[in-house]
Amino acid sequence: QVQLVESGGGLVQPGGSLRLSCVASGSIFSINTMGWYRQAPGKQREYVAGIIGGGATNYADSVKGRFTISRDNAKNTVYLQMNSLKPEDTAVYYCNTRPPAISWGQGTQVTVSS
C-alpha cells in the first residue's frame, strides 16, 4: 500500500512562492496520473493540478499560469511550484492519484497572508 507524505507548506505573503513536495512510500512509476488537491476551511477538497506519466499537465482555472506540477519517478516524488500566491490559495494541500485512490496523507498547510 502506497503512503503519501506532503511537505513544504508555510506562511507566505501575497505574491510570494512556495514549493510543495509529496513523497510516496512505494513506487509511483506504475501510477499513471498524480494530482494535487487542496481544502480550505469550511470548503470541500478541490482538484488543483495533475500530471500523467508522460509529463502532460492539467490545472484548475484558478491556478493556471501560477502553479506548476512536476514529478520525479526515480525519487517517487511529485512537486507543486506555487508562484504569485493569493490569500484565496490558503488551504491544506494534499497529493493523491487522479482520481484519488490512495489513503490521504496529512497534507501540508499553506497560508497566504500579509
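Heads up: the structure comes first, above all this text.
Description of the structure in this document. (Residues numbered from 1 in each chain as written. Predicted model: local features only at pLDDT ≥ 70, side-chain atom pairs only at ≥ 80, totals over all residues. Heavy atoms only, no water.)

With respect to the overall build of the protein
And step 1. Summing up its helical and strand segments, the protein has 0 helices and 10 strands in all.
And step 2. Overall, the protein is about 40 × 25 × 20 Å in size when its C-alpha atoms are taken along their principal axes.
And step 3. Taking all 114 residues of the protein together, 47% fall into the buried category.
And step 4. Partitioning the contacts of the protein with sequence separation of at least 6, the portion at a separation of at least 24 is 54%.
And step 5. Carbon and sulfur atoms form 49% of the exposed surface of the protein, whose accessible area is close to 5800 Å². (Helix = DSSP H or I, 4+ residues; strand = E, 2+ residues; numbered from the N terminus. Buried < 20%, exposed > 50% of the residue type's maximum accessible area, 1.4 Å probe, protein only. Contact = heavy atoms within 4.5 Å. Areas by Shrake-Rupley, 256 points an atom, 1.4 Å probe, with all protein chains shown as cover.)

Describing the nonpolar core
Soluble, globular proteins show a tendency: their nonpolar side chains are buried together.
And step 1. Trp36, Leu80, Met82 and Tyr93 are the most contacted members of the largest nonpolar core, which totals 30 residues.
And step 2. Contributing elements (two or more residues each) for this core: β3 (18–24), β4 (34–39), β5 (46–51), β7 (67–72), β8 (77–82), β9 (91–97) and β10 (108–112).
And step 3. The element contributing the most residues to this core is β3, with 4 residues.
And step 4. For Leu80, the residues in contact, after removing those within four places along its chain, are Leu18, Arg19, Leu20, Trp36, Val48, Ala49, Phe67, Thr68, Ile69 and Tyr93. (Core = buried A, V, L, I, M, F, W, Y, C linked by side-chain atoms within 4.5 Å.)

A look at the side chain of Asp89
And step 1. Within the secondary structure layout, Asp89 lies in the loop between β8 and β9.
And step 2. Those residues in contact with Asp89 that sit more than four places away from it in its chain are Arg38, Arg66, Phe67, Ser84, Val110 and Val112.

As for the pairing of β10
And step 1. Burial along β10 is one-sided: Thr108, Val110 and Val112 are buried, while Gln109 and Thr111, pointing the other way, are not.
And step 2. Bridge count for strand β2 (residues 10–12) against β10 is 3 bridges, and the pairing is parallel. In the sheet register, Leu11 faces β10, and the bridge partner there is Thr111.
And step 3. Judged from the 3 bridges that link them, β9 and β10 form a sheet pairing that is antiparallel. Its bridge partner being in β10, Tyr93 is matched across the sheet by Thr108. (Pairing = 2+ DSSP bridges.)

Re the state of the cysteines
And step 1. Tallied over the entire structure, the rule returns 1 disulfide.
And step 2. Here Cys22 is linked by a disulfide to Cys95, with a sulfur-sulfur distance of 1.7 Å. Separated by 73 residues along the polypeptide, Cys22 in strand β3 and Cys95 in strand β9 bring together distant segments of the chain. (Disulfide = S-S within 2.5 Å.)

Let's talk about the pattern of salt bridges
And step 1. In the structure shown here, the tally under the stated rule is 4 salt bridges.
And step 2. In this structure, Glu46 and Arg38 form a salt bridge, with 2.6 Å as the shortest nitrogen-oxygen distance.
And step 3. Salt-bridge contacts for Asp89 lead to Arg38; the nearest nitrogen and oxygen are separated by 2.9 Å. Residue Asp89 is found in the loop between β8 and β9, and its partner Arg38 is found in strand β4; the two are separated by 51 residues along the sequence. (Salt bridge = Lys/Arg side-chain N within 4 Å of Asp/Glu carboxyl O.)

A look at the side chain of Thr108
And step 1. Structurally, the position occupied by Thr108 is in strand β10.
And step 2. For Thr108, a relative accessible area of 9% translates into the label buried.
And step 3. Among the polar contacts listed, one links the side chain of Thr108 to the backbone nitrogen of Gly9, at a separation of 2.9 Å. (Polar contact = N/O pair within 3.5 Å; in protein donor to acceptor, adjacent residues only side chain to side chain.)

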